[in-house]
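Structure at a glance
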Amino acid sequence: MAASGGGGRAIRVLNVAEKPSVAKTVSGILSRNQGLRMREGRSRYNKIFEFNYTIQGQPCQMMFTSVTGHLMEMEFEGRYRKWHSCDPVDLFEAPIRKHVPEDKLDIRKTLEEEARKCQWLVLWLDCDREGENIAYEVVEVCLNVNSRLNIWRARFSSLIDREIHQAAQQLARPNQLFSEAVDVRQEIDLRIGASFTRFQTMLLKDAFDFNFSTDGRNLILSYGPCQFPTLGFVVERYWEIQAHEPEEFWKIQCSHTTDEGTANFNWMRGHLFDYTCAVLLYEMCVEEPTATVTKVKKQEKLKYPPHPLNTIELEKRASRYFRMSSEQTMKIAEDLYQSGFISYPRTETDSFSTRTDLHILVQEQQEHPVWGPYAQRLLDPSSGLWRNPSGGGHDDKAHPPIHPTKFSAGESRWSEDHKKLYELVVRHYLACVSQPAVGAETTVEIDIAGEMFSALGRTIVAKNYLEVYRFESWGGSLIPNYTFGQQFTPTSLTLESGITRPPPLLSESDLLDCMDKAGIGTDATMHDHIKKLTDRFYAIKEGSHFKPTNLGEALVMGYDDMGYELWKPYLRSMMEEDMKAVSIGNKRKDNVLATCLQQMKACFLDARVNKTKLFQALEIFFDRTNRTTGGDDQHNHAQLVRKCDVCHDSDLVLRKKPDGKFMIGCSGYPQCRNVIWLPGSISEAVVTTTVCNMCTPGPVFKIQFTFRRLEIPPNFNVHHLGCVGGCDDIMRQLIEMSGSGQRNTSSTPARGRGIAAPSRNDSRNNNNNNQQQQQATCSFCHQTGHNSSDCYSLTSQNRSARSQRVNSNSGDSPIPCPTCGSLCVLKTANTESNRGRKFYSCQTQGCKFFVCWEDSVPTTRGGGSGSATTNSRRGGRGGGGGQGGGDVRFVSATGDPVSGRSCFICGDPSHFANACPNRGMRN
């Protein structure tokens with residue numbers, strides 16, 4: 001920042017921190033708690049602090065407030081936010097937006113109100129990529145109301161006085177590349193995560209009986225680009241253990257004891273799996289047991305202190321030393337940071353800058369009752385204990401390694417975890433600026449009958465850093481003094497057996513190490529990915545080790561069988577490298593987005609084609625249910641009937657629609673639109689476990705139907721155990737009469753029409769239509785040779801019934817409603833196609849019948865009043881292809897004509913069976 005020059009009027013500066021506690025702490029440091037005023041903002045949690053300050057000679061009136069993490073969130077626009085609104089693959093290209101959510105609107109209003117009154121905006125967000133992205137969210141909100149704002153960035157790593165004042169005096173510009181890298185990650189994770197999560201959940205959740213407790217939580221089969229490779233590490237180690245076959249081995253053990261101690265010599269062959277060979281070699285040694293010393297080597301050995309502490313190493317060591325989860329570690333570390341006791345805990349850096357004054361950090365610890373004396377010795381040049389720390393080769397250019405910033409002998413409000421983690425940070429820092437431990441090692445090799453053995457002895461010469469770093473040890477073991485050529489007889493010489501053992505399950509420290517090496521996640525997000533495994537029931541923690549659940553193993557197995565290694569770290573590792581390239585300007589944001597999403601979209605499409613692999617994998621661990629994907633609404637509850645005969649991938653399921661009607665549709669909707677509309681006369685339908693032994697391919701589960709008596713022919717039973725696979729004549733006739741049946745509007749070429757797929761039954765039907773026609777039995781006249789839809793008796797009854805009901809009414813004369821008996825009044829249609837035409841409508845409240853057009857009443861086809869429900873377009877009874885009647889048509893509530901309605905008893909299109917005057921006249 002260029003010097004602004006001294007004097008002049010004070011400028012108003014809006015300062016924004018990432019958390020309310022940071023805003024309060026920084027305000028106190030900059031104001032030195034002199035003249036500090038606090039007032040309320042729009043959000044009761046985000047206060048505004050006011051004080052005067054001078055930046056490079058420029059008087060400033062400081063307003064200091066905060067956000068709470070991200071101010072904005074990224075989400076899909078409009079209908080794409082709803083799970084069943086679109087094909088999941090559409091989410092790779094669906095429009096997205098970044099906006100301020102409702103729970104952050106008060107914070108936005110505060111920023112807008114303060115920004116209007118200020119000339120400068122100083123961003124005190126955390127100095128990493130995520131913090132930079134939040135900074136640009138604040139910038140966007142503030143510039144929308146004040147485009148003249150001068151934007152500055154304060155860079156700091158700890159909440160201590162000298163660093164905060166230094167950051168205020170050395171303001172810089174924010175780094176847009178860092179922010180763009182986060183935008184790339186957010187969009188990639190949103191699109192990939194949402195598409196795969198919806199795909200997995202809708203495909204599998206209701207298809208299997210998951211026999212584990214979800215603790216009342218909704219089961220979401222989530223997929224995350226980082227979460228799934230993390231699960232992959234856990235499953236892969238578990239598979240290694242499962243595949244391990246114990247194998248017995250044998251080894252020769254030798255020991256020698258003198259007054260100076262005992263030396264245990266290890267066989268330099270290690271061990272042998274061949275028992276006979278091991279016995280022969282052992283017997284040779286027993287027969288000639290004299291040992292000859294062939295080598296004595298003495299040397300100085302150094303054990304070096306650890307590198308400076310970064311986030312991953314902090315999480316690993318806390319897990320190893322204290323059995324503390326990475327989530328808990330970061331929670332405690334964040335609290336210690338905000339209280340000013342340690343530096344910023346999210347950093348990849350493990351080497352200190354040459355500009356860092358390392359001695360000052362040690363001086364702060366001299367008063368500690370435990371490690372204070374060691375800190376004093378470190379600062380004493382005569383002790384020779386000080387050593388500038390060696391770096392680990394990582395530098396994120398944002399923060400230094402984690403180190404203590406303030407002395408504490410233990411705060412009253414601290415938990416045991418606070419004390420442990422603070423102690424770890426302090427001891428680690430003191431260790432890394434200390435000399436390595438020094439040891440004297442002696443290696444002795446001996447020869448017994450041609451077999452070589454070796455022993456190692458060590459004495460600690462100087463503990464150095466091990467004095468303060470109690471978490472590590474370097475065991476010493478004294479052995480007798482030996483000279484070259486010396487001979488002796490071993491005290492013991494034995495042949496021992498053992499068995500090979502599998503590797504252990506991954507501990508949290510191991511898992512973090514795997515993620516770090518593979519580049520999965522960042523230092524700030526790794527613990528979240530691990531926690532997600534247990535939250536989603538993909539893994540459980542046994543002690544300090546992770547074991548996959550059946551669900552987690554099945555999902556990985558399914559993707560592994562596809563051949564796509566979506567559970568491997570390679571794809572995500574490449575994405576992380578690309579995002580890092582964006583942050584340093586080597587790649588453009590749009591190019592990285594396009595490449596990554598195109599790659600993952602191809603993976604998604606391939607996974608969907610091979611989704612049967614997922615079913616096969618889950619069937620190993622879980623029982624199938626008789627239902628598939630369904631919403632929470634009771635009307636959407638679905639029951640499995642059979643495999644879809646059109647797409648051959650998904651299942652045909654029985655559903656009850658909101659209007660109470662039943663249908664059988666493909667669970668692969670909207671990709672497959674195969675559907676069987678069932679008769680509207682069905683009042684109840686339940687899929688049973690009974691499998692039809694005639695229809696193929698199976699299984700085809702039979703359905704227990706209950707019909708409304710008044711809406712089916714008298715000779716049909718109200719209760720019927722039916723099949724929709726094509727073998728059930730009763731269901732076929734009822735579907736024919738209702739005009740419903742199978743429809744397929746899918747883009748997938750249909751492989752059959754009618755009730756079901758062209759099974760062996762239906763193929764015979766198609767090949768022998770004439771023969772079937774001769775053998776068919778009409779449900780009305782009970783004669784063979786024709787179906788009910790072609791019955792002469794039916795058509796003659798229609799004509800008779802119509803002729804009996806010829807109505808002489810015309811003009812504006814009212815006609816009676818066939819349902820309630822009230823008079824129907826004449827109305828005028830106002831739709832575009834029928835504007836001006838008149839129709840009769842019942843006015844009784846609760847009666848939903850509409851009748852024919854007024855100009856159709858006096859015709860020779862009869863003016864009897866008929867009915868059509870407002871649900872006619874939703875697959876209700878008589879939903880298509882009935883024996884209609886010429887000019888007589890029903891109309892909907894809007895006046896639009898609704899065709900294809902007729903009474904199945906007499907065939908008259910002016911009414912349904914429940915209002916037929918001939919009902920009960922037939923035997």
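Residues numbered from 1 in each chain as written. Predicted model: local features only at pLDDT ≥ 70, side-chain atom pairs only at ≥ 80, totals over all residues. Heavy atoms only, no water.

**Quick word on the overall build of the protein chain**
Summing up its helical and strand segments, the protein chain has 22 helices and 34 strands in all. By the burial criterion, 51% of the 923 residues in the protein chain qualify as buried. The long-range fraction of contacts in the protein chain, counting pairs at least 24 apart against all pairs at least 6 apart in sequence, stands at 68%. Put simply, the protein chain shows about 42200 Å² of open surface, and 47% of that area lies on carbon and sulfur atoms. (Helix = DSSP H or I, 4+ residues; strand = E, 2+ residues; numbered from the N terminus. Buried < 20%, exposed > 50% of the residue type's maximum accessible area, 1.4 Å probe, protein only. Contact = heavy atoms within 4.5 Å. Areas by Shrake-Rupley, 256 points an atom, 1.4 Å probe, with all protein chains shown as cover.)

**Some thoughts on the pairing of strand 13 (residues 437-448)**
Here strand 13 lies mainly inside the structure; 9 of its 12 residues are buried. As defined by bridge partners, strand 12 (residues 291-303) adjoins strand 13 across 12 bridges and the pair is classed as antiparallel. The residue bridging Val293 from the neighbouring strand is Ile446, located in strand 13. Note that strand 13 and strand 14 (residues 451-462) share 11 bridges and pair antiparallel. When the bridges of strand 14 are listed, Val444 appears paired with Ala455. What sits between the antiparallel neighbours strand 13 and strand 14 is a turn of 2 residues, in which Ala449 has the positive phi angle 55°. (Pairing = 2+ DSSP bridges.)

**A few points about the sheet that holds strand 26 (residues 701-707)**
Strand order across the open sheet formed by 3 strands is 25-26-27, with antiparallel pairing between neighbours. This sheet does not close on itself; its edge strands, each paired only once, are strand 25 (682-691) and strand 27 (719-722). The average undirected angle you get between the axes of adjacent strands in this sheet is 20°. Relative to strand 26, strand 25 is paired through 6 bridges, and the arrangement is antiparallel. Across the sheet, the residue bridging to Val687 is Ile703, located in strand 26. (Axes fitted to C-alpha atoms, helices over the stretch in contact; angles between N-to-C directions.)

**Observations concerning the nonpolar core**
Grouped together as the largest cluster of nonpolar side chains are 68 residues, with contacts concentrated most on Leu30, Phe64, Trp124, Leu421, Tyr429 and Leu430. When residues of this core are assigned to their parent elements, the largest contribution, 9 residues, is made by helix 12 (residues 416-432). Core analysis: the second largest hydrophobic core is formed by 63 residues, Ala207, Leu512, Trp567 and Phe604 among them. (Core = buried A, V, L, I, M, F, W, Y, C linked by side-chain atoms within 4.5 Å.)

**Some thoughts on the side chain of Asp350**
Position of Asp350 relative to the elements: it lies in the loop between helix 9 (326-338) and helix 10 (358-363). Side chain to side chain, Asp350 and His394 meet in a polar contact 2.9 Å long. Leaving out residues up to four positions away in the same chain, Asp350 has contacts with His307, Pro308, Asn310, Ser390, Gly391, Gly392, Gly393, His394 and Pro401. (Polar contact = N/O pair within 3.5 Å; in protein donor to acceptor, adjacent residues only side chain to side chain.)

**Thoughts on the pattern of salt bridges**
All chains considered together, the criterion is met by 48 salt bridges. Arg97 is the partner of Glu75 in a salt bridge, and the nearest nitrogen-oxygen pair spans 3.0 Å. Separated by 22 residues along the polypeptide, Glu75 in strand 5 (residues 73-76) and Arg97 in strand 6 (residues 96-99) bring together distant segments of the chain. Two residues, Lys601 and Glu93, come together in a salt bridge whose shortest N-O distance is 2.9 Å. With Lys601 in helix 17 (residues 589-609) and Glu93 in the loop between strand 5 and strand 6, the pair connects residues that are 508 residues apart, well separated along the chain. Given the relative accessible area of 24%, Lys601 is considered partly exposed. (Salt bridge = Lys/Arg side-chain N within 4 Å of Asp/Glu carboxyl O.)

**Considerations on unusual backbone geometry**
The omega angle of the peptide bond from Thr696 to Pro697 is -10°, so this bond is cis rather than trans. Inspection of the secondary structure assignment puts Pro697 in the loop between strand 25 and strand 26. The phi angle at Phe537 is positive, at roughly 65°, despite the residue not being glycine. Looking at the element boundaries, Phe537 is found in the loop between helix 14 (526-535) and strand 18 (539-542).

**Section: the sheet that holds strand 7 (residues 120-124)**
Where strands meet in a sheet, backbone hydrogen bonds hold them as pairs that are either parallel or antiparallel. Taking strand neighbours across the sheet as the criterion, the 6 strands line up as 2-3-4-1-7-8 in an open arrangement whose pairing is mixed. Lying at the two open borders of the sheet, with one neighbouring strand each, are strand 2 (37-39) and strand 8 (150-153). The mean angle between the axes of side-by-side strands here comes to 30°, regardless of whether they run parallel or antiparallel. One ladder, built from 4 bridges, connects strand 7 with strand 8; its direction is parallel. Across the sheet, Val122 pairs through a bridge with Trp152, a residue of strand 8. Strands in contact with helix 1 (residues 20-31) are strand 1 (11-17), strand 3 (48-55), strand 4 (58-66) and strand 7; relative to strand 4, the strand with the most contacts, it is inclined by about 155°.

**Notes on the packing of aromatic side chains**
All told, the structure shown has 34 aromatic pairs when counted by the stated rule. Arranged with centres 6.1 Å apart and planes meeting at 70°, the rings of Phe265 and Tyr482 form a pair that is edge-to-face. Remark: Tyr482 occurs in the loop between strand 14 and strand 15 (487-488) and Phe265 occurs in strand 11 (residues 261-267); sequence separation between them is 217 residues. Of the two residues, Phe265 and Tyr482, neither departs from the other in class, the shared state being buried. Taking NZ or CZ as reference, Arg173 lies 3.6 Å from the ring centre of Trp152, over its face. (Phe/Tyr/Trp six-rings, centres within 6.5 Å; stacked < 30°, edge-to-face > 60°. Lys NZ or Arg CZ within 6 Å of the ring centre and 35° of its normal.)

**Details of the confidence of the model for the protein chain**
Mean pLDDT over the protein chain: 81, with 78% of residues reaching 70 or higher. A low-confidence stretch, residues 628-637 (pLDDT under 50), is modelled with 25 contacts involving residues beyond four sequence positions or located in other chains. In this model, residues 857-901 is a region of pLDDT below 50 whose contacts with residues beyond four sequence positions or in other chains number 127 contacts. (pLDDT = per-residue confidence, 0-100.)

**With respect to the packing of helix 3 (residues 129-145) against helix 5 (residues 176-204)**
Two elements in contact, helix 3 and helix 5, have axes whose closest approach is 8 Å; the angle formed by their N-to-C orientations is 95°. Classified by the angle their axes make, helix 3 and helix 5 are roughly perpendicular. On helix 5, the residues that touch Arg129, Glu130, Glu132, Asn133 and Tyr136 of helix 3 are Gln176, Phe178, Ser179, Ala181, Val182, Asp183, Arg185 and Gln186. (Parallel < 35°, antiparallel > 145°, perpendicular 65-115°, else oblique.)

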